[in-house]
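# Structural description and commentary
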Amino acid sequence: MMTDDDTMNGKCGMMKNHPKSTTMKQQQQQQQSKTLNGQRPHGSTTSIQLWQFLKELLSHPNQYENAIRWLERPRGVFKIEDSVRVARLWGERKNRPAMNYDKLSRSIRQYYKKGIMKKTERAQRLVYQFCQPYAL
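All of the points below concern the structure found in this document. This structure is a prediction, so every number in the text was calculated from the model and none was measured.

## Points about the overall build of the protein chain
Tallying secondary structure elements over the protein chain gives six helices and four strands in all. In the protein chain, the succession of helices and strands from N to C terminus is α-α-α-α-β-β-α-α-β-β. Scored against the burial criterion, the 136 residues of the protein chain give a buried share of 40%. A fraction of 51% describes how many contacts in the protein chain between residues 6 or more apart in sequence connect residues 24 or more apart.

## A look at the packing of aromatic side chains
One pass over the structure, following the stated rule, counts six aromatic pairs. Between Trp70 and Phe78, the aromatic rings sit 6.2 Å apart at their centres with planes inclined by 85°, giving edge-to-face as the arrangement. With a relative accessible area of 0%, Phe78 lands in the buried category. With a centroid separation of 5.9 Å and an interplanar angle of 35°, the aromatic rings of Phe78 and Tyr128 are classed as tilted. Taken as a pair, Phe78 in strand β2 (residues 77-80) and Tyr128 in strand β4 (residues 127-130) lie far apart in primary sequence, 50 residues in all. Residue Tyr128 is classed as buried on the basis of its relative accessible area, which comes to 9%. Through successive ring pairs, a cluster of aromatic residues spans Trp70, Phe78, Tyr128 and Phe130. Just above the ring of Phe130 sits the side chain of Lys55; from NZ or CZ to the centre is 5.6 Å. Positioned above the aromatic ring of Trp70 is the side chain of Arg73, whose terminal nitrogen or guanidinium carbon lies 4.4 Å from the ring centre.

## Overview of unusual backbone geometry
The omega torsion of the bond from Gln132 to Pro133 falls at 5°, within 30 degrees of zero and hence cis. In this model, Asn95 sits at a positive phi of 60°, which is unusual for a non-glycine residue. According to the relative accessible area criterion, Asn95 is exposed, its value standing at 59%. At Leu126, a position not held by glycine, the phi torsion is positive, near 65°. Position of Leu126 relative to the elements: it lies in the loop between β3 (117-119) and β4.

## Some details on the sheet that holds strand β1 (residues 68-72)
Strand order in the open sheet formed by four strands is β1-β2-β4-β3, with antiparallel pairing between adjacent strands. Strands with a single pairing partner mark the edges of an open sheet, and in this sheet they are β1 and β3. Going across the sheet, the axis of each strand differs from the next one's by a mean of 35°, ignoring polarity. Alignment of β1 against β2, held across four bridges, turns out to be antiparallel.

What counts and how
- Residues numbered from 1 in each chain as written.
- Predicted model: local features only at pLDDT ≥ 70, side-chain atom pairs only at ≥ 80, totals over all residues.
- Heavy atoms only, no water.
- Helix = DSSP H or I, 4+ residues; strand = E, 2+ residues; numbered from the N terminus.
- Buried < 20%, exposed > 50% of the residue type's maximum accessible area, 1.4 Å probe, protein only.
- Contact = heavy atoms within 4.5 Å.
- Phe/Tyr/Trp six-rings, centres within 6.5 Å; stacked < 30°, edge-to-face > 60°.
- Lys NZ or Arg CZ within 6 Å of the ring centre and 35° of its normal.
- Pairing = 2+ DSSP bridges.
- Axes fitted to C-alpha atoms, helices over the stretch in contact; angles between N-to-C directions.

This is how it looks when you write it as C-alpha cells:
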C-alpha cells in the first residue's frame, strides 16, 4: 500500500484495498465493452475516465497536438498545451458545460494517489506522467 509520502515523492503504485481500485486489464475490458467496433464516437457520454480521455486525445496528434502532446511517449510524459481547450473537450464529453481546468486538474491530482499518474521528476507546469502500465 502506498503511503502519503510515496504519493508526494511521485511514486507510482496501485492503492491496495481501495474499494474503487480496479486493475488496468479490468478497466480496459470495461472500456472496450462500451465502444462500438473499438471506436468511440466523439461526444459520447458513456462512462470514460479522465486518464482514458487524455490518452485518447494523445492518440490523435494531428487533431489535438495544439491542445495536448507527448513529450516522452515511452515514459508516458505529456504536456497540456491548451488547458482551456482540453477542459472544454472533457466537459463536452461528459456533458458538463461548466468544466474548467481547475476542476480537471483536481481529478488529475487524485490520480497521483491512485497510482495512475505522477508528477514529473522536474515539476513543470502542465506536464504530467502516466505510471506503468497506464503509460502503455
